[in-house]
Amino acid sequence: MTFCGYLPYSGPPMVVEHEISLKFTSSPAHDSEVYDNIRTPRVPASGIPIEIVLTILETAYFDDRGGPDIDLLSKCTLVCKAWSLHAQKLLFRRVRLRSHSAFASFTHAVNRNSPQGRILGDAVIQMRAVLDYNQPGCLNQSSLAVAVANCPNLYELDLAQYGYVAAGKDVVGSPAQERMRRPAPSFDEHSLALLIAGPHITALSFSNWSENNQSLLQLLEVWPSLKSLSITGTSPVLSPGMTYPPFPCALEELRLNCQREPAKEFLDWLLHCSAEEKSLRVIDLERQPSPELLDFLVEKHGETLHSLAIPSFATHEHAHAAMRCRSLRELRTESSWSSPVICRQMPETIQHLAFGLDLDTLLNPIVDLVKTRDDLQAVTVNLWRDGHRHPQFASLQMACAYRGVDLRLTRDVRRMRLLVRGDPVVPPTYPRTHTLDSMQPAICPVFVA
């Protein structure tokens, strides 16, 4: 066939010779200059505007694990003098202190007697600290208080405390209850005074792996400004025979992951103002609660609750408690089995649904929910075992695509938790995210050439 496709092939084409002469002439000088200017744009002599550089660095701040990209930001501090301070400020937004040597380096960097030290200290908004009395050269309470006092804009403190065990008595792999039978000192008056005089943080995460059940109560007295509280490990206990004034904070978020369920007396004291002001929006229970505990929390706060998360809604009692929350915007579970009545009774306000999926999961109610809830923004699915081979999995994908719902899939439950747990700031919409904007909107960037 020929090029046209409809004439028969009739042998090789005839070769025709042509004489061609070429004459090359140079273009005028001004045309060459215009061409060069178009094809080779130049960076201004003053460099890229620092506002653009800062926007690029903030966009690249988070890595794939949801934390700051330390390697990238560290390299950016070495590019040039104009970039250095801005990259350092981003590096100092989140700091970790695990030892006294780390504390010494940190306090030297944020020394309030130098302009750069004040800038870096003001940039710190999240701090993770570890008080591990088993480690040589560990961070102590007074050092922690000094570090916090050097960060006037700090809004979140993530603190872990490990009790002391005598040499040779620590058994690796021992049960959690035995590992928690370790003493830890209470906070001394000097450290508490420094913390009280420091920043008014709004988010506290306290992991207590010791037998001291009073440490959290001491910290709660320090910050009447708390809005988000996470309790892990040893359950705090109100001392019998003592009268406690109601906890003054109106919490917006409560996360519990205790070895034993906190007593209702403690929760009633902790959430007294939250119930009166109807402020609690998020309840995240990382361990399966008893029906009595979940019913207690929903009875007090279900009317205004926006987000509810527990490991499983398989039982009728847990499903019924979730159905009583008529303002829910987010419902999360990691289990692959939940009572189907939850999806059928989901309120119209739902924006995010997260669940586990395997071959035995009932997907039809979830597909129907995707098709009928106009406010739904995202569905997060953790694929257990052969969940991707579920017969209705394709129907879920099609329903989400047709309705414009973001379908987020994971095969690692840790990755799922990273996706659904954002910054400790109650968002206007769900799902929650990690963003620089939600950390501390009141802090305005300072541009220093």
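Residues numbered from 1 in each chain as written. Predicted model: local features only at pLDDT ≥ 70, side-chain atom pairs only at ≥ 80, totals over all residues. Heavy atoms only, no water.

Q: What's the story with the side chain of Gln 126 in this structure? I'm lost.
A: Take Gln 126: it is sitting in strand 2 (residues 126-132). By relative accessible area, which is 7% here, Gln 126 ends up buried. Within polar-contact distance, the side chain of Gln 126 engages the side chain of Glu 156 at 2.4 Å. (Helix = DSSP H or I, 4+ residues; strand = E, 2+ residues; numbered from the N terminus. Buried < 20%, exposed > 50% of the residue type's maximum accessible area, 1.4 Å probe, protein only. Polar contact = N/O pair within 3.5 Å; in protein donor to acceptor, adjacent residues only side chain to side chain.)

Q: Which parts of the structure should I look at to understand the environment of Leu 369?
A: Examined against the element boundaries, Leu 369 turns out to sit in helix 16 (residues 364-372). Taking relative accessible area as the criterion, Leu 369 reaches 1% and is therefore assigned buried. Filtering out sequence-adjacent residues up to four positions away, Leu 369 remains in contact with Cys 343, Met 346, Leu 353 and Leu 376. (Contact = heavy atoms within 4.5 Å.)

Q: Help me out: how do you make sense of the nonpolar core in this one?
A: Generally speaking, a soluble globular protein has its nonpolar side chains buried in company with each other. One finds Phe 106, Met 127, Leu 204, Leu 270, Leu 308 and Leu 331 to be the most contacted residues of the largest nonpolar core, which totals 101 residues. Every residue in contact with Leu 331, bar those within four places of it in the chain, is listed here: Leu 308, Phe 313, Ala 322, Ile 342, Met 346, Ile 350, His 352, Leu 353 and Ala 354. (Core = buried A, V, L, I, M, F, W, Y, C linked by side-chain atoms within 4.5 Å.)

Q: Would you explain the packing of aromatic side chains in this entry?
A: Aromatic rings considered in pairs are described by the distance between their centres and by the relative angle of their planes. Counting across every chain of the model gives five aromatic pairs. Judged by centre distance (4.9 Å) and plane angle (85°), the rings of Tyr 61 and Phe 62 are edge-to-face. Assessed through its relative accessible area of 22%, Phe 62 is described here as partly exposed. For the ring pair Phe 247 and Trp 269, a centre distance of 5.5 Å and an interplane angle of 45° mean the geometry is tilted. With Phe 247 in the loop between strand 5 (228-233) and strand 6 (253-258) and Trp 269 in helix 11 (residues 264-270), the pair connects residues that are 22 residues apart, well separated along the chain. Here the aromatic residues Tyr 244, Phe 247, Phe 266 and Trp 269 are joined through ring pairs into a cluster of three or more. (Phe/Tyr/Trp six-rings, centres within 6.5 Å; stacked < 30°, edge-to-face > 60°.)

Q: Please explain the sheet that holds strand 3 (residues 156-162) as it appears in this structure.
A: The strands making up a sheet associate through backbone hydrogen bonding, with each pair oriented either parallel or antiparallel. Taken together, 12 strands build an open sheet; the order of strands is 1-2-3-4-5-6-7-8-9-10-11-12 and the sheet is parallel. At either end of the open sheet lies a strand with only one pairing partner, and these are strand 1 (94-97) and strand 12 (406-410). For this sheet, the mean angle separating the axes of adjacent strands, direction not counted, is 10°. As paired elements, strand 7 (residues 282-285) and strand 8 (residues 307-309) share three bridges and run parallel to each other. Bridge pairing in strand 8 links Val 282 to Ser 307. Packing of helix 17 (residues 393-403) onto the sheet brings it into contact with strand 10 (352-357), strand 11 (378-383) and strand 12, and relative to strand 12 it is tilted by some 140°. (Pairing = 2+ DSSP bridges. Axes fitted to C-alpha atoms, helices over the stretch in contact; angles between N-to-C directions.)

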